[in-house]
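What the coordinates show
Chain residues, written in single-letter form:
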Amino acid sequence: MDSYMMTFSEQLSILGSGTMGHSIALAAALAGMEVRVWGTGNQDIERGRLGVAEKIMILRKHDVINSTEANVIAARIGFTDSLEECISGATFIIEAVPENLALKQKLFQELDRLCQPDVILASNTSGLSPTAIASLTLSPERTLVTHFWNPGHLIPLVEVVRGEKTAAGTVERAVQLLQCMDKKPVVVKKDILGSIVNRLQYALFREAQYILEQGVATVEDIDAAVRYSIGRRLPVTGPFMSADMGGLDVFDSISSYLFPDLSSHQESFSRMRNLVDEGKYGQKTGAGFYQWEPEQSEKINEEREGELIYWLKKDRQAKELVK
């Protein structure tokens, strides 16, 4: 892991120690990088430290790292409540503050003032426009989105989204950094709402809601249908490769009669809207499409974490075979 530090010179800083911020920092530390993390105060920083400690403990439990490595990895992550201290000497900054455009614009305007012109400014936003985020800066060419997926230390994909004025060199440096973090960056060439994966994810979610509203199947059976079919296949073949393997003549034929019947609904369906109106937001409130008792919530979280770690191990094994 430490070989990355000898071959790559970016000094990384993370702004925000919440769910995504500390997870991205851990991803960097796992790859051998020193990283500084800015939190808004002691409480925010302690949440970040606790999150890192818990995630390292789970990685240790699953034998991804040993106890010695765990201590070294934790020591690579430094927390501070001083923005100036966090970005001092940084060459690449990833912002992971709440999803509020005005907040991000103000922060990037401040970073634009404080940082040298060659410092890359990236946002981890999952949906906001990099063009809009950089609109108040004097150097929008060094701004882009690096969208990590939760949990950031386990999901390989990072969407690198260009703004209208993002320079090619900015994209190249982002891709290089992410590859050194053992991530799988994909470049989104246009500033499009939802980038790639959220567009695909929500297309599936819209159709799932439509099937539920039509009384075709239960929530449980719709989820099971995805988990035990395309869910098993997608880790190996994406939509285009699946089509090639299934036969484009077959996919063309099915598309011609199925596409017109798919949902084109323009907003949330009534079932979810009613749940939201009732304050039932899912796991975080204890009820949503499912009931989330504490034991159930812990069980599902552990299963998902274990499955993601299984794939992390497979990715590492594949990388070792290539060497």
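Note that the structure is a prediction, hence the values are computed from the model and not measured.

**Brief notes about the pairing of strand 1 (residues 12–15)**
Side chains of strand 1 alternate between two faces, with Leu12 and Ile14 and Ser13 and Leu15 buried alike. The pairing of strand 1 with strand 2 (residues 35–38) spans four bridges and is classified as parallel. Within the sheet, the bridge partner assigned to isoleucine 14 lies in strand 2 and is valine 37. For the crossover from strand 1 across helix 2 (residues 19–30) to strand 2, the handedness is right-handed. As defined by bridge partners, strand 1 adjoins strand 4 (residues 92–95) across four bridges and the pair is classed as parallel. Directly across from serine 13, in strand 4, lies its bridge partner isoleucine 93.

**Some remarks on helix 15 (residues 294–322)**
Counted at 1.5 Å a residue, the expected span for helix 15 with its 29 residues is 42 Å, and the 42 Å between its end C-alpha atoms agrees. Among all positions of helix 15, only Ser297, Glu305, Gly306, Leu308, Ile309 and Leu312 are buried. Buried residues along helix 15 sit in contact with helix 3 (42–61).

**Section: the pattern of salt bridges**
Enumeration over the complete set of coordinates arrives at 12 salt bridges. The partner of aspartate 44 in a salt bridge is arginine 47, with the nearest N and O atoms 3.4 Å apart. Within this pair, aspartate 44 and its partner arginine 47 are both found in helix 3, separated by three residues, close to a single helical turn. Put simply, arginine 113 and glutamate 110 hold a salt bridge, and the shortest N to O gap is 2.7 Å.

**A word on the pairing of strand 8 (residues 184–188)**
Across five bridges, strand 7 (residues 157–162) lies against strand 8 in parallel orientation. Paired with glutamate 159 across the bridge in strand 8 is valine 186. Assessed by its sense of winding, the connection that carries the chain from strand 7 through helix 8 (residues 168–180) to strand 8 is right-handed.

**Observations regarding the packing of helix 9 (residues 197–213) against helix 14 (residues 270–277)**
Where helix 9 contacts helix 14, the axes come no closer than 9 Å and their chain directions differ by 95 degrees. Put simply, helix 9 runs roughly perpendicular to helix 14. Where helix 9 abuts helix 14, its residues Phe205, Gln209, Leu212 and Glu213 lie against Ser270, Arg271 and Met272.

**Structural notes on the packing of aromatic side chains**
Enumeration according to the criterion identifies four aromatic pairs in this entry. Plain terms: the ring middles of tyrosine 202 and phenylalanine 205 are 6.2 Å apart, the flat faces sit at 85 degrees to each other, and that makes the pair edge-to-face. Remark: phenylalanine 205 and tyrosine 202 occur in helix 9; sequence separation between them is three residues, near one turn of the helix. Given the relative accessible area of 28%, phenylalanine 205 is considered partly exposed. Look at tyrosine 290 and tryptophan 292: their rings are 6.4 Å apart centre to centre, the planes differ by 65 degrees, and that puts the pair in the edge-to-face class.

**Observations concerning the nonpolar core**
Grouped together as the largest cluster of nonpolar side chains are 44 residues, with contacts concentrated most on Leu12, Ile77 and Met181. A per-element tally of this core places helix 2 first, with eight residues. Once residues lying within four places of it in the same chain are set aside, the contact partners of leucine 12 are Ala28, Glu34, Val35, Arg36, Phe92, Ile94, Leu177 and Met181. Core analysis: the second largest hydrophobic core is formed by 15 residues, Trp38, Ala90, Val97 and Val119 among them.

Thresholds, definitions, all that
Note on numbering: residues in each chain are counted from 1, in written sequence order. Where local features are concerned, this predicted model is filtered to residues with pLDDT of at least 70; where side-chain atom pairs are given and counted, the filter is 80 or more; whole-chain, interface and lining totals use all residues. Note that water and hydrogens are dropped before the side-chain values are worked out from all heavy atoms of the structure. To sort residues, take the accessible area from a 1.4 Å probe on protein chains only and compare it with the maximum for the residue type: under 20% means buried, over 50% means exposed, and anything in between is partly exposed. Put simply, DSSP marks the helices as runs of H or I at least four residues long and the strands as runs of E at least two long, and each gets a number from the N terminus on. Following DSSP output, two strands are said to pair if at least two bridges run between them. Seen with its strands pointing away from the viewer, a crossover is right-handed if its path from the first strand over the helix to the second goes clockwise. The span expected for a helix works out to 1.5 Å for each residue beyond the first. By the convention used here, residues are in contact when the closest approach between their heavy atoms is within 4.5 Å. Here a salt bridge means any side-chain nitrogen of Lys or Arg lying within 4 Å of a carboxyl oxygen belonging to Asp or Glu. Angles shown run from 0 to 180 degrees and are taken between the N-to-C directions of axes, each axis being a line fitted to C-alpha atoms and, for helices, limited to the stretch in contact. Should an angle fall under 35 degrees it is called roughly parallel, over 145 degrees roughly antiparallel, and 65 to 115 degrees roughly perpendicular, with every other angle called oblique. Pairs were defined over the aromatic rings of Phe, Tyr and Trp, the Trp ring being its six-membered one, requiring ring centres within 6.5 Å. Orientation was assigned from the angle between planes: stacked under 30 degrees, edge-to-face over 60, tilted for the rest. By convention a nonpolar core is built from buried Ala, Val, Leu, Ile, Met, Phe, Trp, Tyr and Cys residues, the set being connected through side-chain atoms within 4.5 Å.

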